[in-house]
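# Coordinate inspection notes
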Amino acid sequence: MVDYHAANNQSTVGGAQTYMEQENDWDRDLLLDPAWEKQQRKTFTAWCNSHLRKAGTQIENIEEDFRDGLKLMLLLEVISGERLPKPERGKMRVHKINNVNKALDFIASKGVKLVSIGAEEIVDGNAKMTLGMIWTIILRFAIQDISVEETSAKEGLLLWCQRKTAPYKNVNVQNFHISWKDGLAFNALIHRHRPDLIDYDSLRKDDPVTNLNNAFEVAEKHLDIPKMLDAEDIVGTLRPDEKAIMTYVSCFYHAFSGAQKAETAANRICKVLAVNQENEQMMEDYEKLASDLLEWIRRTIPWLENRTQEKTVNDMQVKQEDFRDYRCVHKPPKVQEKCQLEISFNTLQTKLRLSNRPAFMPSEGRMVSDINKAWHNLEGAEKGYEEWILSEIRRLERLEHLAVKFHQKCAIHESWTDGKEAMLTQKDYETCTLSEVKALLRKHEAFESDLAAHQDRVEQIAAIAQELNELDYYDAASVNARCQKICDQWDVLGALTHKRKESLERTEKQLESIDELYLEYAKRAAPFNNWMEGAMEDLQDMFIVHNIEEIQGLITAHEQFKSTLPEANKEREAIQSIQSEVQKIAQSNGIKLSSGNPYTSITPESINSKWEQAMAMVPLRDNALQEELNKQNSNDTLRATFATQANTVGAYIQAKMEEIGRISIEMNGTLEDQLTNLKEYQKSIISYTPEINKLEGYHQHIQEALIFDNQYTSYTMEHLRVGWEQLLTTIARTINEVENQILTRDAKGISQEQLYEYRASFNHFDKTLNGGERGARHDHSGALMAEEFKACLISLGYDVEKDKQGEAEFNRIMGIVDPNGSGAVTFQAFIDFMSTETTDRDTADQVIASFKILAADKNYITADELRRELPPDQAEYCIARMAPYTGPDAVPGALDYMSFSTALYGESDL
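Residues numbered from 1 in each chain as written. Predicted model: local features only at pLDDT ≥ 70, side-chain atom pairs only at ≥ 80, totals over all residues. Heavy atoms only, no water.

## Looking at the overall build of the chain
- The number of helices and strands found in the chain is 32 helices and six strands.
- By sequence separation, contacts in the chain at least 24 residues apart represent 74% of the contacts at least 6 residues apart. (Helix = DSSP H or I, 4+ residues; strand = E, 2+ residues; numbered from the N terminus. Contact = heavy atoms within 4.5 Å.)

Now the structure itself:
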């Protein structure tokens, strides 16, 4: 017998040839078993008829009906869907052999090696050869294309059976013979896909005939699978024929493969929609958080920009306390919200990019840049508000001090002027003797001297009033009124003094007696008395100082004042000696003195009394200055304490910022290890918060003590707050970057080794070229410039050399990783590019193909089909967003799944 297909082996495909050689290892000795041959005849005949009936024919005897080759060629055309060469219609043996050879040639063209099967044997009706040929056809066209999890043919079909029957009791599919004898496996396959057809729980393992007949009848009636075996043949055989069982089971696989495709399509759509729903929720959360934060900033800035002046220091200190409460209580949570907002935005963009979705564009005015701009305006208003509060406190302190000083000087002046107008307007000289007139004249001269001495005080009162007006004192009206009254009264006193002097000088010509001693006393006593009053004013004068140098200046001035007291005491004793000389002359000459010095109202007793008062004030002034010195020393201690803590905190923040920069570049281990280490590092930084709070406490003491400068440190509390906030934000962003890398790795299926390779390549060229070739930037800048990135790509095997094709490829890649044209490529952009190059992504075409399966190849889909194939929430999601289908084949309620799928991957309003 001729081996017809020996010549065709060289042209078959390698992989398929090897497989079919294994499957075609036809053990013809087994056909000697009548039971197995019977099962194969029945099964193969039923299988052939299940296909031939599509062409309107069938076979009765498998070895006889295929002898002329006509039905064999028809069978191959039906199961392959291809046209074979035109058969020969003659009745001679040669015509039959030619027809069979055409069929065998077609089988060989599909990569099948038919060993020892020739056309003559089929034409002669060799049962063994005919059954072997049919089994080869079944293997090639019904079993070979079965693929489950990278296994195919027999192994794939067996794995499919095991997966489908795994949940069922008493079913353990390990082969295609013994495992199927009790009929439960057939029933389990049907129940798994059509539970409405089988009451599986009513089946018994000890009744295999009933089980098998039930499965065969249900399959023939409802699944269009013809009955290929008799239950009695299977049960009555110790080991059913494996090829018959495989042929029968393959029909079940093909019957249910459509449902499997629909399930796969539904799963793909569910996955895509779940990603879309999660992204939309993140977008809504971002919009709400951004709106709330911007609204809080909008409400807070007007409060910080309010410059309504208060009347007292206490009122301004209440504002200062409110501002401190804002900085320590209300603002920190908003700082965390701002940081979380940026993290959420970056995570959302990463997820959109990984799921092949368009980038998220927040509503107008809610971009991260808008929030940063609003935050910058808030901090600007905050800084100006704090400076304004401090300046206002200084201004009000100055005003209160000036107001007290003004009223004190006014009281002294008003006390001095009390009765002066009446004294100047009296005409007592008209009835006086010459000596009395002379006395009145001298008394008037003394008054003029006293008046001139008080001129300086009046000028001081006017100057203080002017300064209070310039500093916008709240009670300036009453100050101005009192000052004006004093100035008007002073003008009146000047005019009255001049008029009285003229009257006395007219009378003087008629009076001659004058007492020189009284006059001398009056002339010396008045200035001395004025000096004592001025000294007493200075000793009672309030003072405000802000540092040790200022209080030491006051102490020095006070010591200088005390050094003049001996000379002043000598002047006092000299004045007292004049009065003693008057008494001596009067006694020696028998002169009767009047009740007082006619030239002055200043008595020795009043001089002694004021002297004693001034001397008593000196130690009080000493104590006040010493107390202030102690206060300034205490303030200096506060400055030093704050400076020590501030210098420590400042150095810590700077060191940690530099350390974070190194960590972000030199991290080793898995991404999860890096994330764990970063979070532990974040905890260690947060544990430093008590030191910040301690510094805030020192700063509060500084402000309560009204200390406005500190020569021991260059750090300010504002500077350290900003540095601390930047430190917390930087570590949070670093953690977020690693989390996004994990997300990228898991979503794209990138291995840990690939990530290590990418990181190592990126760091190598970042370190080598930054300082080595250009010297323009420090090593480990965290970004690659164009030439560095090109070197990195070349090291990874990309052809981007300096030729026309290489430059075009490099420009294409740069357009992906640097769409803004900044000239620098970040590590995240590098990872996104590499993941895109090495992984597959969902596309709009894939989603459209999945919907087309669910729609049974229609160009539209209905709401009922969506609700049948998808989970309820995702079905309603699609129905709500799909536009009506308007094509020529549209039916009522038709939905356009193509535009919906395209919108998922482009500009979308969903």
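Moving on from the coordinates now.
## Things to note about the side chain of N213
- You can see N213 is positioned in helix α10 (residues 208-222).
- What makes N213 buried here is its relative accessible area of 18%.
- Once residues within four sequence positions are removed from consideration, N213 is found in contact with K227, A231 and E232. (Buried < 20%, exposed > 50% of the residue type's maximum accessible area, 1.4 Å probe, protein only.)

## Things to note about unusual backbone geometry
- A positive phi angle, near 60 degrees, is found at D224, a position not held by glycine.
- If you trace the backbone, D224 turns up in the loop between α10 and α11 (231-235).
- Classification of D224 as exposed rests on a relative accessible area of 53%.
- For D857, which is not a glycine, the phi torsion comes out positive at approximately 70 degrees.
- You can see D857 is positioned in the loop between α29 (844-854) and α30 (863-869).
- A relative accessible area of 59% means that D857 is categorised as exposed.

## A few points about helix α13 (residues 313-354)
- When the terminal C-alpha atoms of α13 are compared, their 60 Å separation across 42 residues agrees well with the 62 Å that a helix rising 1.5 Å per residue should span.
- Residue K331 marks the point of greatest curvature in α13, where the axis turns by about 45 degrees; the proline P332 follows within four residues. (Expected span 1.5 Å × (residues − 1). Bend = angle between axes of the 7 residues up to and from the residue.)

## Concerning the environment of Y758
- Topologically, Y758 is positioned in helix α25 (residues 752-774).
- By relative accessible area, Y758 is classed as buried at 4%.
- Y758 sits 38 residues away from L796 along the chain, and the two C-alpha atoms are 8.8 Å apart.

## Some points on the packing of aromatic side chains
- Counted under the stated rule, the structure contains 24 aromatic pairs.
- With centroids separated by 5.0 Å and ring planes inclined at 80 degrees, the aromatic side chains of W160 and Y253 adopt a geometry described as edge-to-face. Of this pair, W160 sits in helix α8 (residues 153-165) while Y253 sits in helix α12 (residues 242-305); the two residues are 93 residues apart in sequence, bridging distant segments of the chain. Residues W160 and Y253 agree in their burial class; the two are buried.
- Ring geometry for F345 versus F360: centroids 6.3 Å apart, planes at 50 degrees, classification tilted. Of this pair, F345 sits in helix α13 while F360 sits in the loop between α13 and α14 (368-417), and the two are 15 residues apart along the sequence.
- Look at F345 and you get buried, because its relative accessible area is 12%.
- In textbook terms, an aromatic cluster arises when at least three aromatic residues are bridged by ring pairs, as seen for F176, W180, F186, F216, Y248 and F252.
- The ring centre of F810 lies 4.8 Å from the NZ or CZ of K790, which sits over that ring. (Phe/Tyr/Trp six-rings, centres within 6.5 Å; stacked < 30°, edge-to-face > 60°. Lys NZ or Arg CZ within 6 Å of the ring centre and 35° of its normal.)

## Let's talk about the UniProt feature "coiled-coil region" (unreviewed entry) in the chain
- Following the UniProt record, one finds the feature "coiled-coil region" (unreviewed entry) at residues 437-471.
- Helix and strand shares over residues 437-471 are 97% and 0% respectively, and the end C-alpha atoms of the span are 50 Å apart. (UniProt positions renumbered as here; feature names shortened; annotations may be inferred.)

## Considering the packing of helix α2 (residues 34-52) against helix α7 (residues 127-143)
- Contact geometry of α2 with α7 gives a least axis separation of 11 Å together with a crossing angle of 50 degrees. In terms of their interaxial angle, α2 and α7 are classed as oblique. With respect to the hand of their crossing, α2 and α7 are arranged in left-handed fashion. The residues of α7 that touch α2, namely those facing E37, Q40, R41, F44, W47 and C48, are A127, L131, I134, W135, I137, I138 and A142.
- Per-class residue counts for the contact of α2 with α7 are 10 nonpolar, one polar and two charged. (Axes fitted to C-alpha atoms, helices over the stretch in contact; angles between N-to-C directions. Parallel < 35°, antiparallel > 145°, perpendicular 65-115°, else oblique. Left-handed = near helix turned anticlockwise from the far one by under 90°. Nonpolar A, V, L, I, M, F, W, Y, C, P; charged D, E, K, R; others polar.)

## Quick notes on the nonpolar core
- Ranked by internal contacts, the top residues of the largest apolar core, which has 78 residues, are W47, I137, W180, F186 and F252.
- Of all the elements, α7 adds the most residues to this core, at 11 residues.
- Among all residues touching I137, those that are not within four sequence positions of it are W47, L72, L76, I79, I107 and A142.
- Core analysis: the next-biggest nonpolar cluster, separate from the first, contains 46 residues, I660, V738, I742 and A829 among them. (Core = buried A, V, L, I, M, F, W, Y, C linked by side-chain atoms within 4.5 Å.)

## Details of the packing of helix α26 (residues 786-795) against helix α27 (residues 804-817)
- Following both chains from N to C, one finds α26 and α27 inclined at 110 degrees, their axes separated by 11 Å at the closest point. Relative to α27, the element α26 is oriented roughly perpendicular. Judged by the sense of rotation from one axis to the other, the crossing of α26 with α27 is right-handed. Counting all contacts with α26, which are made through A786, F789, K790 and L793, the residues of α27 involved are E807, F810, I813, M814 and V817.
- Residues that form the contact of α26 with α27 fall into these classes: seven nonpolar, no polar and two charged.

## Here we look at the environment of M615
- For M615, the location among the structural elements is in helix α21 (residues 604-666).
- Separated by 79 residues in the primary sequence, M615 and M536 place their C-alpha atoms 9.2 Å from one another.

## Things to note about α26
- The complete set of buried residues in α26 reads E788, F789, K790, C792 and L793.
- G797 sits one or two positions beyond α26 and adopts a positive phi of about 100 degrees.

## Side note on the environment of I879
- Its location among the elements puts I879 in helix α31 (residues 872-881).
- What I879 contacts, discounting residues up to four positions off in sequence, is A863, L866, R867 and L895.

## Remarks on the pattern of salt bridges
- Within the structure shown, the criterion is met by 51 salt bridges.
- Between K288 and D292 there is a salt bridge, with its nearest N and O atoms 3.0 Å apart. On the criterion of helical spacing, the pair formed by K288 and D292 is a turn pair, its members being four residues apart in helix α12.
- Classification of K288 by relative accessible area gives exposed; the value is 54%.
- The residue E537 makes a salt bridge to K409 at a minimum N-O spacing of 3.1 Å. Placement of the pair is E537 in helix α18 (residues 516-540) and K409 in helix α14, with a sequence separation of 128 residues.
- A relative accessible area of 10% places E537 in the buried class. (Salt bridge = Lys/Arg side-chain N within 4 Å of Asp/Glu carboxyl O.)

## A word on the confidence of the model for the chain
- The share of residues in the chain with pLDDT of 70 or more is 88%, and the mean pLDDT across the chain is 80.
- In this model, residues 1-32 is a region of pLDDT below 50 whose contacts with residues beyond four sequence positions or in other chains number 62 contacts. (pLDDT = per-residue confidence, 0-100.)

## Some words on the state of the cysteines
- The full count for this structure, using the stated rule, is zero disulfides.
- With no disulfide partner, C483 has as its closest neighbouring cysteine sulfur the one in C487, 4.1 Å distant.
- Taking the relative accessible area as the measure of exposure, C483 reaches 11% and is therefore buried. (Disulfide = S-S within 2.5 Å.)

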